[in-house]
There are 2 protein chains.
Amino acid sequence: MDHLETRELRYFVAVAEELHFGRAAERLGIAQPPLSRAIRRLEHRVGVGLLDRDRRGVALTPAGAVLLREARAALDAVEAAVHRTRRAGDPKRSLVLVTKAGASHELLRRLLDRAAGEPDAAPVDVLLCEVGEQAGLLRSGHADVALMHRPFDDLAGFDTEDLYTEGQVAILPAVHPLASYERLTLAQVQDVPGLPIARWPRLDGSYPDGPGPRVGTQAQLAQLVALGRTLLVIPASSRAWQWPEHVAVPVVDAPEVTTVIAWPPNSRSRAVAALVRTAAGLHDTPLPAHTD
Amino acid sequence: MDHLETRELRYFVAVAEELHFGRAAERLGIAQPPLSRAIRRLEHRVGVGLLDRDRRGVALTPAGAVLLREARAALDAVEAAVHRTRRAGDPKRSLVLVTKAGASHELLRRLLDRAAGEPDAAPVDVLLCEVGEQAGLLRSGHADVALMHRPFDDLAGFDTEDLYTEGQVAILPAVHPLASYERLTLAQVQDVPGLPIARWPRLDGSYPDGPGPRVGTQAQLAQLVALGRTLLVIPASSRAWQWPEHVAVPVVDAPEVTTVIAWPPNSRSRAVAALVRTAAGLHDTPLPAHTD
DNA sequence: TACGACCGATACCCGGCGGGTATCACAGTG
DNA sequence: CACTGTGATACCCGCCGGGTATCGGTCGTA
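Read on for a plain summary of the structure. No experiment lies behind these values; they were computed from the predicted model shown.

Okay, unusual backbone geometry next. Leave glycine aside and you will find that most residues have negative phi; peptide bonds, for their part, are mostly trans. Residue and element names in this part refer to chain A. Here the residue pair Arg 150 and Pro 151 is connected by a cis peptide bond, since its omega of 5° sits within 30 degrees of zero. Tracing the backbone shows Pro 151 in the loop between β5 (145–150) and β6 (159–166). Even without being glycine, Ser 104 reaches a positive phi, approximately 50°. Its location among the elements puts Ser 104 in the loop between β3 (95–100) and α5 (105–117).

All names here are of chain B. The contact between helix α1 (residues 6–18) and helix α2 (residues 21–28) brings their axes to 8 Å, and the two run at 130°. One way to sum up the angle between α1 and α2 is to call them oblique. For the crossing formed where α1 meets α2, the hand is right-handed. Between α1 and α2, the residues in contact are Arg 10, Tyr 11, Val 13, Ala 14, Val 15, Glu 17 and Glu 18 and Phe 21, Arg 23, Ala 24, Arg 27 and Leu 28, respectively. Classifying every residue of the contact of α1 with α2 gives 7 nonpolar, no polar and 5 charged.

Looking now at the sheet that holds strand β8 (residues 232–235) of chain B. Residues and elements named next belong to chain B. Here 3 strands make up an open sheet; going across it, the order is β8-β7-β9 and the pairing antiparallel. Of all strands in the sheet, those with a lone pairing partner are β8 and β9 (246–251), marking the two edges. Averaged over neighbouring strand pairs, the angle between their axes works out to 35° when direction is ignored. Here strand β7 (residues 168–173) pairs with β8 via 4 bridges, running antiparallel. Counted as the bridge partner of Ile 171 is Leu 232 from β8.

Another point: the interface of chain A and chain B. Tallying the contact residues gives 38 residues for chain A and 38 residues for chain B. Summed over both sides, the interface between chain A and chain B buries roughly 3,200 Å², with carbon and sulfur atoms accounting for 57% of that surface. On the chain A side of the interface with chain B, the three residues burying the most area are Thr85(A), Arg86(A) and Asn266(A), jointly 17% of the side's total. At the surface where chain A touches chain B, the tally comes to 4 salt bridges. We note a salt bridge from Glu5(B) to Arg10(A), for which the minimum N-O separation is 3.5 Å. Broken down by secondary-structure element, the contributors of at least two residues to the side of chain A that touches chain B are α1 (6–18), α3 (32–46) and α4 (62–89) of chain A.

Right, let's get into the protein's contact with DNA strand C. As a matter of local geometry, DNA strand C sits amid 19 residues, with Ala31(A), Arg37(A), Arg41(A), Ser36(B) and Arg53(B) nearest to it. Counted by atom, the contact set of DNA strand C within 4 Å of the protein is 65% sugar and phosphate. Within the side chain of Gln32(B), an N or O atom sits 3.0 Å from a base nitrogen of DNA strand C. When residues of the surface near DNA strand C are traced back to their parent elements, those giving at least two are α1 and α3 of chain A together with α2 and α3 (32–46) of chain B. Looking at the surface near DNA strand C, its residues break down into 8 nonpolar, 5 polar and 6 charged.

With that settled, the discussion passes to helix α5 (residues 105–117) of chain B. Residues and elements named next belong to chain B. Between its first and last C-alpha, α5 extends 18 Å over 13 residues, near the 18 Å set by a 1.5 Å rise per residue. Within α5, burial applies to Leu 107, Leu 108, Leu 111 and Ala 115. Along α5, the residues classed as buried sweep out an arc of 100° about the axis, all on the same side. In α5, those exposed residues whose orientation departs by more than 90 degrees from the buried face are Asp 113, Ala 116 and Gly 117. Among the structural elements, β3 (95–100), β4 (124–129), β5 (145–150), β6 (159–166) and α9 (270–281) are those in contact with the buried residues of α5.

All names here are of chain A. Spatially, β4-β3-β5-β10-β6 is the arrangement adopted by the 5 strands of the open sheet, whose pairing is mixed. The open sheet is flanked by β4 (124–129) and β6, the only strands paired with a single partner. The mean angle between the axes of side-by-side strands here comes to 25°, regardless of whether they run parallel or antiparallel. Pairing between β6 and strand β10 (residues 257–263): 7 bridges, direction antiparallel. Within β10, the residue paired with Thr 160 across the bridge is Ala 262. Those strands touched by helix α9 (residues 270–281) are β3, β4, β5, β6 and β10, and its axis lies near 160° from that of β10.

Attention now goes to the relation of the copies chain A and chain B. Its rotation angle being 179°, the transformation that places chain A on chain B also includes 0.1 Å of axial translation and leaves an RMSD of 0.2 Å. Given the turn and translation reported, the copies of this chain are related as if by a two-fold rotation axis. Among all C-alpha atoms of chain A, that of Gly157(A) lies closest to the rotation axis, at 2.4 Å. The overlap is high: 100% of the interface residues of chain A also sit at the interface in chain B, so the same surface is used on both sides.

To continue, consider the packing of α1(A) against α4(A). Residues and elements named next belong to chain A. Interhelical geometry of α1 versus α4 gives an angle of 130° and a closest axis separation of 9 Å. In terms of orientation, α1 and α4 fall into the oblique class. For α1 against α4, the interelement crossing comes out left-handed. Contacts between α1 and α4 involve Thr 6, Leu 9, Arg 10, Phe 12, Val 13, Ala 16 and Glu 17 on the former and, on the latter, Gly 64, Leu 67, Leu 68, Ala 71, Arg 72, Ala 74, Leu 75 and Val 78. Residues of the contact of α1 with α4, tallied by class, amount to 10 nonpolar, 2 polar and 3 charged.

All names here are of chain A. Evaluation of the coordinates by the stated rule reveals 28 salt bridges over all chains. A salt bridge links Glu 8 to Arg 45, with the nearest nitrogen and oxygen atoms 2.6 Å apart. Of this pair, Glu 8 sits in helix α1 while Arg 45 sits in helix α3, and the two are 37 residues apart along the sequence. Glu 8 gets classed as buried once you look at its relative accessible area, which sits at 6%. Residue classification places Arg 45 among the partly exposed positions, given a relative accessible area of 26%. Here the salt bridges share partners, and the residues they tie into one network are Glu 17, Glu 18, Arg 23, Arg 27 and Arg 72.

Rules of the game
- Residues numbered from 1 in each chain as written.
- Chains lettered and ligands numbered in written order.
- Predicted model: local features only at pLDDT ≥ 70, side-chain atom pairs only at ≥ 80, totals over all residues.
- Heavy atoms only, no water.
- Helix = DSSP H or I, 4+ residues; strand = E, 2+ residues; numbered from the N terminus.
- Axes fitted to C-alpha atoms, helices over the stretch in contact; angles between N-to-C directions.
- Parallel < 35°, antiparallel > 145°, perpendicular 65-115°, else oblique.
- Left-handed = near helix turned anticlockwise from the far one by under 90°.
- Contact = heavy atoms within 4.5 Å.
- Nonpolar A, V, L, I, M, F, W, Y, C, P; charged D, E, K, R; others polar.
- Pairing = 2+ DSSP bridges.
- Buried area = accessible area lost by both parts, 1.4 Å probe.
- Salt bridge = Lys/Arg side-chain N within 4 Å of Asp/Glu carboxyl O.
- Near = heavy atom within 4 Å.
- Polar contact = N/O pair within 3.5 Å; in protein donor to acceptor, adjacent residues only side chain to side chain.
- Expected span 1.5 Å × (residues − 1).
- Buried < 20%, exposed > 50% of the residue type's maximum accessible area, 1.4 Å probe, protein only.
- Arc of directions from axis to C-beta.
- Least-squares fit on C-alpha atoms with pLDDT ≥ 70 in both.

As structure tokens, this is what we get:
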């Protein structure tokens, strides 16, 4: 029999992520024996071993690693189906646009102005998230459309349209010697003594090794820059980090960053298509230089 | 409670496609009452009406139409998870490359030759399908990678790399007056008296209105051309239709067709990546002119 | 207008399966 | 050797998915 149920996939993902039946069962809110049974049956149904139950721990087989990736995508798709259906049935339906807080602020403001001015425009709700969360929100149907940034964000699986390309700036503590430069190079901002690059968590929540401070949100990072503990390189239009204690210096050889509008394939509703068209129309009126 | 089960989605898709509870239940191999109950519970769980039970028939609400599209995608994703996991666990694992029978024949042959010559190359199984089937096979995990043709095929949701761009030719019965031309224009091949364009089935299996003959496979269409009943315009490298009774005449103003290699996003295994790289390397050695 | 056909909804029963508790088997460790 | 931590096994129970029988409303038709 084919036809896995999402419950089985959820169970497997929990075990594969925890690599521990007891903790996975706790996370799922069930007892451990039924979980073991469910995973065994799943392995039997799929026909391949998914986990190596070595004493002292559980490990993924190659097939299990594939299923972990695929199951996450499938569960996202199911969740997205529910959310998109709910929003489709909402009488006062609005488009949800998600973007990183502070990024592409001018472009977003112009897009919203333009979109509001369109005839029979659907209202646009703006959902601001932290770094790297857009893809998940779009995949799981919590949002209809996203502003994302190439090459930073993972655009795999979305349709996109380029909106705006810009250079990057280094954000430095105003008191730091480098802050007085007119422009910098990547070589100058890498390995600056006393200003190590901050570390973001990986997908599994762990942090890579390195000297930099650990951060989880933009606000944390901004404060660490203001405290003179780190620096960062970001697109010139980003606003979230630009405190009074910060200075932005162009980094002339940093890769260019393109802001794109992204939406799930096969979900291009009339409202999404209209918003994408409006966004693409912004090409014609270039953004003003950043002033503050 | 969120967390739909795939069974509920399968049930809903069946009803939404049949628009008839009795037939849907029969298709699912269950009785009608449990199906009605399941759909009602699904509507309650999602929180919006999905079907209008008007006496004399069932109709999709707007939200129902959204769920039909999303549920199909989600079920594809679940099915893909199973298939990809099975193949990942297969000790003699091979890549499955799917392409339309007869299309891009030379390019495919070269790709397979090159791929076989690569060191530590995974064996490549070729799966030939009919028009428009590639996307589904790729989405449901029956294939790992596909050769597709822009702008004909639906590339939404896949990562792609362009391989080869070419013009199109009209395939005509050899005995037809147009067959003696050196080249043609789209205006000349449209609405040719006695040679109406054939009609392909829509996704739901119905045929659009029009004068042309109905076809479902390339072989049917090829024979109808040989019988002098229709003509078609296809990329120059296509072979499936080129019978001795056919003549191919370049259509100078037909849109160019690009052969692309496509694969599911986030599923770029080492083997797929290697094959894509090999395919991209074919750029360097242009295909010989088509001779037969 | 009355009757029958059609179709989805309701009522009710049953069996299987998902989930719980208790316990086992085994490896590592002091 | 006892103890701890882990997943597997044994066994029971209650819910829910599925079946049959039937209802209720709406057409078409004579």
